[in-house]
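Structural features, examined
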Amino acid sequence: MVIVMAAAATQADIEAVTSHIEVHGGQAFVSRGITRTIIGVVGTEAVLETLDVAGMTGVLDTKRITAAYKLVAAENHTKRSTVRVGGVPIGPDTFTFIAGPCAVESPDQAMESALMAKRAGATLLRGGAYKPRSSPYAFQGLAGAGLKILAEVRQETGLPFVTEVLDVNDVDLVAEYADMLQIGTRNMQNFGLLQAVGSVGKPIMIKRGLSATYEEWLMAAEYVAQRGNLDIVLCERGIRSFEPTIRNLLDVSAVPMMQLLSHLPIIVDPSHSAGRRDLVVPLARAGIAAGADGVMVDVHPHPEQALVDGAQALHGASLDELADIVMTLPALLGRTSAAYQAG
Ligand code: PEP
Ligand code: MN
């Protein structure tokens, strides 16, 4: 069951409802979104039967949710949610362009990449300080030093940034710096990590697992929501397929399906789908046409020297081409470009 609280509900109203639930033997999980607060109730059928919250002050509505994921389900939402990342909205009315290097390699490389991203129209920066690598011998990222570089680049460019956190032990440090924390593909079902990031009070991007079903993906989001954080952005980044030519298969169907199943925004990452530069622009176009709320791509000033994923990094003409598409195609679909908005 979920209880939807009115926008004007006070902290005391919320506490009165949660203690009513607890007194009757249920558990209450409070999730605060931008426009309203939702209280998820977990308990046996008998417990749910005994609750009588409909008349309590501040309660707007109560709903039984049939989906396995309760807080992120579309079922009790009349409109899809907008998540604000350092003042930049990601949601149904806007289109958000996120770009940056796969990995932060040095202050100069990060700054040059951010300026390329900004010139191309991006309003959010991406960049990995902690890198999940298949090989333990490959570059693992600059860790804390990378976070500091990203913060300096944000200071210079004004671009808020998203960066991945790999380990529960690093969550607090990453949350101190980042505007949005990324849960990578390989950690989509790291439930301890999902719970930890759910408690830090920053937006969370959850990339789809390599072979995750839609329900598994949304249950990952539910772990974050259940800890009180509804500011979650889903990212389709391609799934494993039998075709070796492309790195992963961008599941374009995931965009409209997630919008049917959930109220959360969904963006696409054509870079990690394709694994090769010449496919990134067509896949971005496909994702935007399918209705994605944003796109996230890798850029690099010198892809041939990149320590990670140079083959898929946009630069020069390929980035110009994407910049053109991002400026024109979302507008044709009724979206405005997501620029920084105070408040
Ligand atoms: C990334 O975005 O840098 C990344 C490692 O992506 P994924 O988890 O999708 O492989
Ligand atoms: Mn990468």
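Since we're looking at a predicted model, the values are computed, not measured.

**A word on the coordination of the manganese ion (ligand 2)**
Taken together, Cys102 (SG), His272 (NE2) and Asp309 (OD) make up the full set of protein donors to the manganese ion (ligand 2), lying 1.9 to 2.2 Å away. Motif for the manganese ion (ligand 2), donor spacing along one chain: C-x169-H-x36-D. Of this pair, Cys102 sits in the loop between strand 7 (94–100) and helix 3 (107–119) while Asp309 sits in the loop between strand 14 (294–298) and helix 11 (316–332), and the two are 207 residues apart along the sequence. Note on accessibility: Cys102 and Asp309 belong to one class, buried.

**A few points about the domain arrangement of the chain**
Entries for the chain in the domain assignment read domain 1 (2–64) and domain 2 (83–337). Spacing between the C-alpha centres of domain 1 and domain 2 amounts to 34 Å. On the side of domain 2, six residues touch domain 1, which itself brings seven residues to the contact. Note on domain 1 versus domain 2: buried area summed over both sides is about 550 Å², and carbon and sulfur give 58% of it.

**Quick notes on empty space enclosed by the protein**
A water-sized probe, rolled over the atoms, reveals where empty space remains. This model, assessed by the stated rule, comprises two cavities of 30 Å³ or more. In terms of lining, the largest cavity is formed by Arg126, Gly127, Gly128, Tyr130, Lys131, Val162, Thr163, Glu164 and Gln182. Ranked by the residues each element gives to the lining of the largest cavity, the list is headed by strand 9 (residues 161–164), at three residues. Its residues assigned to classes, the lining of the largest cavity shows two nonpolar, four polar and three charged. What the second largest cavity holds in volume is close to 30 Å³. What lines the second largest cavity is simply Pro101, Cys102, Ala103, Glu105, Gln109, Val299, His300, Ala306, Val308, Asp309, Gly310 and Ala313.

**Re helix 7 (residues 214–226)**
Taking 1.5 Å as the rise per residue, helix 7 with 13 residues should run 18 Å; its terminal C-alpha atoms sit 18 Å apart, in good agreement. By the burial criterion, the buried members of helix 7 are Tyr214, Trp217, Leu218, Ala220, Ala221, Glu222, Val224 and Ala225. On the buried face of helix 7, the contacting elements are strand 2 (27–32), helix 6 (191–198), strand 11 (204–207), strand 12 (232–236), helix 8 (254–261) and strand 13 (266–268). Taken from the residues just after helix 7, Gly228 is the one with a positive phi, measuring 105 degrees.

**A word on the site of ligand 1**
Near ligand 1 the following residues occur: Cys102, Arg126, Lys131, Pro132, Glu164, Gln182, Gly184, Thr185, Arg186, Lys207, Arg237 and His272. Contacts to ligand 1 include Arg126, whose side-chain N or O atom sits 2.8 Å from an oxygen atom. Between an oxygen atom of ligand 1 and a side-chain N or O atom of Arg237, the distance comes to 2.6 Å. Calculation on ligand 1 without its partners gives an accessible area of 290 Å², and the protein chains cover 97% of this total. Of the residues in the shell around ligand 1, the class split is two nonpolar, four polar and six charged.

**Observations regarding the pattern of salt bridges**
All chains considered together, the criterion is met by 14 salt bridges. Note that Arg208 is salt-bridged to Asp251, the shortest N-O span being 2.8 Å. Pair noted here: Arg208 is in the loop between strand 11 and helix 7 and Asp251 is in the loop between strand 12 and helix 8, with a separation of 43 residues, a long-range link. Residue classification places Asp251 among the buried positions, given a relative accessible area of 14%. Linked through salt bridges whose partners overlap, the residues forming this network are Glu45, Glu49 and Arg64.

**Comments concerning unusual backbone geometry**
For Ala143, which is not glycine, the phi torsion reads 55 degrees and is therefore positive. For Ala143, the location among the structural elements is in the loop between strand 8 (124–126) and helix 4 (144–157). For Ala143, a relative accessible area of 27% puts it in the partly exposed group.

**Some points on the environment of Glu75**
Along the polypeptide, Glu75 turns up in the loop between strand 4 (59–63) and strand 5 (83–85). Judged by relative accessible area, which is 40%, Glu75 ranks as partly exposed. Counting along the chain gives 11 residues from Glu75 to Arg64, while the straight-line C-alpha distance between them is 9.2 Å. Aside from chain neighbours lying at most four places away, what touches Glu75 is Arg64, Ile65, Thr66 and Ala67. Engagement of the side chain of Glu75 in a polar contact is seen with the backbone nitrogen of Ala67, the distance being 3.1 Å.

Reading the values: rules and limits
- Residues numbered from 1 in each chain as written.
- Chains lettered and ligands numbered in written order.
- Predicted model: local features only at pLDDT ≥ 70, side-chain atom pairs only at ≥ 80, totals over all residues.
- Heavy atoms only, no water.
- Donors = N, O, S within 2.8 Å, 3.2 Å for Na, K, Ca; no water.
- Helix = DSSP H or I, 4+ residues; strand = E, 2+ residues; numbered from the N terminus.
- Buried < 20%, exposed > 50% of the residue type's maximum accessible area, 1.4 Å probe, protein only.
- Domains from an automatic or database assignment.
- Contact = heavy atoms within 4.5 Å.
- Buried area = accessible area lost by both parts, 1.4 Å probe.
- 1 Å grid on protein atoms, 1.4 Å probe; cavity = no way out; pocket = protein on both sides within 12 Å on 5 of 7 lines; lining within 4 Å.
- Points joined across faces, edges and corners; volume = space filled by probe spheres on them.
- Nonpolar A, V, L, I, M, F, W, Y, C, P; charged D, E, K, R; others polar.
- Expected span 1.5 Å × (residues − 1).
- Near = heavy atom within 4 Å.
- Polar contact = N/O pair within 3.5 Å; in protein donor to acceptor, adjacent residues only side chain to side chain.
- Areas by Shrake-Rupley, 256 points an atom, 1.4 Å probe, with all protein chains shown as cover.
- Salt bridge = Lys/Arg side-chain N within 4 Å of Asp/Glu carboxyl O.

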